[in-house]
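Summary of structural features
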Amino acid sequence: MVTKLDLKAFDSEAENTWCPGCGDFAILRSLKIALTELGIASHEALVVSGIGCGSKLPDYMHINGYMTIHGRPLPVATGAKLANPDLHVIVINGDGDSYGIGGNHFLHSCRRNPNITHIVEDNQIYGLTKGQYSPTSDRGFVTTTSPDGAIEEPLLPVAVALAAGATFIARTFAGDPKHMAAVIVEAIKHQGYSLIDVLQPCVTFNRVNTYEWYRERVYKLEEDYDPSDRDSARARAYEWEDRIPLGIIYRNDEAPAYEAQVLALKAGSPLASVLKLQKDPALGQYESLKEQFL
Ligand SMILES: Cc1ncc(C[n+]2csc(CCOP(=O)(O)OP(=O)(O)O)c2C)c(N)n1
Ligand code: SF4
Ligand SMILES: [Mg+2]
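If you're wondering where the values come from, they're calculated on a predicted model, not measured in any experiment.

The helix and strand inventory of the protein chain stands at 11 helices and 10 strands. Against the globule reference of 19 Å for 294 residues, the protein chain gives a C-alpha radius of gyration of 20 Å, in line with a compact fold. With respect to the three principal axes, the spread of C-alpha positions in the protein chain is 70 × 45 × 40 Å. Out of the 294 residues belonging to the protein chain, those deemed buried represent 42%. Counted over contacts in the protein chain with a minimum sequence separation of 6, partners at least 24 positions apart contribute 70%.

Turning to the sheet that holds strand S1 (residues 45-49), a few remarks are in order. Read from one edge to the other, the open sheet built from 8 strands follows the order S2-S1-S3-S4-S8-S7-S10-S9, with strand pairing classed as mixed. With partners counted over all chains shown, the strands left at the sheet margins are strand S2 (64-67) and strand S9 (218-220), one partner each. Sheet twist, expressed as the average angle between the axes of neighbouring strands with direction ignored, equals 25°.

Lining the immediate surroundings of ligand 1 are 17 residues, of which Gly52, His70, Gly94, Gly96 and Gly127 lie closest. Only helix H4 (95-101) and strand S5 (125-126) provide two or more residues apiece to the shell around ligand 1. In terms of residue count, H4 provides more of the shell around ligand 1 than any other element does, 3 residues in total. For the shell around ligand 1, a count of residues per class yields 5 nonpolar, 9 polar and 3 charged.

The biggest cluster of nonpolar side chains holds 56 residues, and the ones touching the most others in it are Val47, Ile119, Ile169, Ala170, Ile184, Leu195 and Ile196. If we ignore the near neighbours within four places in the chain, the residues touching Ile119 are Ile27, Ile90, Val91, Ile92, Ile184, Ile196 and Val198. Counting residues in hydrophobic clusters, the runner-up holds 6 residues, among them Cys22, Ile125, Phe141 and Cys202.

Further remarks concern the domain arrangement of the protein chain. Per the domain assignment, the segments of the protein chain are domain 1 (4-257) and domain 2 (262-294). A C-alpha centroid distance of 35 Å is found between domain 1 and domain 2. At the junction of the two partners, domain 1 supplies 5 residues and domain 2 supplies 5 residues. Considering only residue class, the side of domain 1 that touches domain 2 consists of 3 nonpolar, 1 polar and 1 charged.

What counts, and at which threshold
- Residues numbered from 1 in each chain as written.
- Chains lettered and ligands numbered in written order.
- Predicted model: local features only at pLDDT ≥ 70, side-chain atom pairs only at ≥ 80, totals over all residues.
- Helix = DSSP H or I, 4+ residues; strand = E, 2+ residues; numbered from the N terminus.
- Rg over C-alpha atoms; globule rule 2.2 N^0.38 Å.
- Buried ≥ 20, exposed ≤ 12 C-beta atoms within 10 Å, placed from the backbone.
- Contact = placed C-beta atoms within 7 Å.
- Pairing = 2+ DSSP bridges.
- Axes fitted to C-alpha atoms, helices over the stretch in contact; angles between N-to-C directions.
- Near = placed C-beta within 6 Å.
- Nonpolar A, V, L, I, M, F, W, Y, C, P; charged D, E, K, R; others polar.
- Core = buried A, V, L, I, M, F, W, Y, C linked by C-beta atoms within 7 Å.
- Domains from an automatic or database assignment.

Printed below as a string of structure tokens:
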């Protein structure tokens, strides 16, 4: 059983600036629970984010963290995973960061299949910049940048991920941290790219998609639902508006992860080789290379 004391190992001293009631608090706690349940320590994981309210998360954890620029955490995370395949690499960023400015990286991560867990804090709005509509905002949504209501169709992340070849696709809800932690555990265990779209209420700027709005619509996938069946997943991927499925919508555990196919990595972790080189005076080129190139 995970105790408060276990979770404390991930506590950070940074001052938390999220609004009281923000769904990001539940995501932070669920990630700590999932890592604790899996026995993953701070030094064994890296959390990479972008820019946004939710992207402040690595600061609020005692863990290896890297805040990249807006929209770019996925390529940075892929590089980190290639350099050190032993690391558990987790990307956490908002819907704008993931599906808007970072949409290209999202598509290519789906088909490339690096062993990275991608948690999207999907509040259907740009929170940090004070409430503009985002790629997942529903049609008609009134914001500062859509005063007459958004005239675009929302992107359906689950359907896009499925079409782009993702091997693990899930949705969960910040109003159900227990469900979220269980989904994160499965996603980290998955050997490949895993997308978790988290319905995350922004209590300050999104007054439409509230906890109540989601509670009225979400339902958990049935016990006998088979996530390996692509056709079933396709049908659920398009459910939005009135009924929103939660759980692991699709998983394919057969596809090889990107790093597992990179020939250069067959000899082992590049980071381990560099560290070995650093320690071995007979292979002292490291210092001269460092002087030349760094
Ligand atoms: C290249 C670039 N473009 C725009 C911005 C401004 N900007 C910062 S955060 C953000 C949107 C954040 O929305 P989201 O990713 O959904 O995160 P949230 O704040 O909702 O958690 C924007 C447009 C930026 N920092 N850098
Ligand atoms: S503005 Fe919204 S997303 Fe940002 S911290 Fe406040 S409630 Fe959370
Ligand atoms: Mg957002």
